[in-house]
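What the coordinates show
The primary structure of each chain is shown beneath.
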Amino acid sequence: MHKKDVSVIIVAAGNATRMGGLNKQLLEIDGIPVIMRSILTFEPLDEVYEIIIVTKKEDISVIRKLIEQYNITKPIKLVEGSDTRQRSVQNGIKATSDKTSYLAVHDGARPFAGVENSKRVIYAGYKYGAATTGVMSKDTVKILDEDGFVKVTPNRDRMYLSQTPQVFSKENYKKIENMGGALTDECQILESIGVKVFMAQGDYRNIKITTLEDIGVANAIAKDMSKKEV
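Residues numbered from 1 in each chain as written. Predicted model: local features only at pLDDT ≥ 70, side-chain atom pairs only at ≥ 80, totals over all residues. Heavy atoms only, no water.

Glancing now at the packing of helix 1 (residues 34-42) against helix 2 (residues 60-69). One can describe the packing of helix 1 onto helix 2 by two numbers: an axis separation of 11 Å at closest approach and a directional angle of 50°. For the element pair helix 1 / helix 2, the angle class is oblique. Relative to helix 2, helix 1 is oriented so that their crossing is right-handed. For the pair formed by helix 1 and helix 2, the contact residues are I35, M36 and I39 on the first element and I63, L66 and I67 on the second. Looking at side-chain class alone, the contact of helix 1 with helix 2 contains six nonpolar, no polar and no charged residues. (Axes fitted to C-alpha atoms, helices over the stretch in contact; angles between N-to-C directions. Helix = DSSP H or I, 4+ residues; strand = E, 2+ residues; numbered from the N terminus. Parallel < 35°, antiparallel > 145°, perpendicular 65-115°, else oblique. Left-handed = near helix turned anticlockwise from the far one by under 90°. Contact = heavy atoms within 4.5 Å. Nonpolar A, V, L, I, M, F, W, Y, C, P; charged D, E, K, R; others polar.)

Mean pLDDT for the protein chain: 90, with 93% of residues reaching 70 or above. No element of the protein chain has a lower mean pLDDT than helix 6 (residues 186-192), which averages 85, and none a higher one than strand 4 (residues 48-55), which averages 97. (pLDDT = per-residue confidence, 0-100.)

So, on to the nonpolar core. Of all hydrophobic cores here, the largest spans 27 residues; its most connected members are V8, I35, I39, I51 and I53. Of all elements in the fold, only strand 1 (6-12), helix 1, strand 4, helix 2, strand 6 (102-107) and helix 4 (115-128) reach the threshold of two or more residues within this core. Not counting the four nearest positions on each side in its chain, I53 is found in contact with I10, I35, I39, I63, I67, I76, K77, L78 and V79. In terms of nonpolar packing, the next biggest core, distinct from the first, is built from 17 residues, V54, V89, A130 and I189 among them. (Core = buried A, V, L, I, M, F, W, Y, C linked by side-chain atoms within 4.5 Å. Buried < 20%, exposed > 50% of the residue type's maximum accessible area, 1.4 Å probe, protein only.)

This brings us to the pattern of salt bridges. Following the criterion strictly, the structure yields eight salt bridges and no others. With its nearest N and O atoms 3.7 Å apart, the salt bridge here joins K77 to E50. Taken as a pair, K77 in strand 5 (residues 76-80) and E50 in strand 4 lie far apart in primary sequence, 27 residues in all. Accessibility expressed as a relative area gives 2% for E50, which makes it buried. Across the pair R205 and D203 runs a salt bridge whose closest N-O atoms are separated by 2.8 Å. Through salt bridges that share partners, R85, D107, R110, E186 and K208 make up one connected network. (Salt bridge = Lys/Arg side-chain N within 4 Å of Asp/Glu carboxyl O.)

Take a look at the structure:
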């Protein structure tokens, strides 16, 4: 049951404006490119039928060579991204096989999603139809008014930082595939039409590489994980 019925869409088409123009997808973290760390997370999962990589046109040939170099065995398609994340995701989903019933959307800039963490959210997606992975906020969050003053302090026990992968059924996706807007999170779009989204327990190491400062943190995480695997 639930074997090879998930299409993974790895979104790696950003402009890296906060990285000073550095292409974070091809950046090596402890010797392995960021995009390959994301691909290698899903390669061993029996639940995953295929991996769709949505990237910039100029990166397609480089990533294809990396896939060959790392001997990836799952079916992989490389798709050109668009001008927004939402449209890039749509491009990836359009390329998925009719053989799958579930979609797992993952940020290519999150190289440490982890096999077990990804499997956990996939099974939550099976059970609930829509699920994301995340961790409880370690910090107290303040919501400000338009003048910059604290308006409310939410209960930290219910504040979670959403991560990826986010998993949902194709049936649920059909409800939102033609919606416009500039939302940056597929589950957020589902929430906006009343679909309940389950929060599966994530991993604090599942960081998103967004700025140059994140590179040092990512290298430290990679080295620590390598030591534990030995």
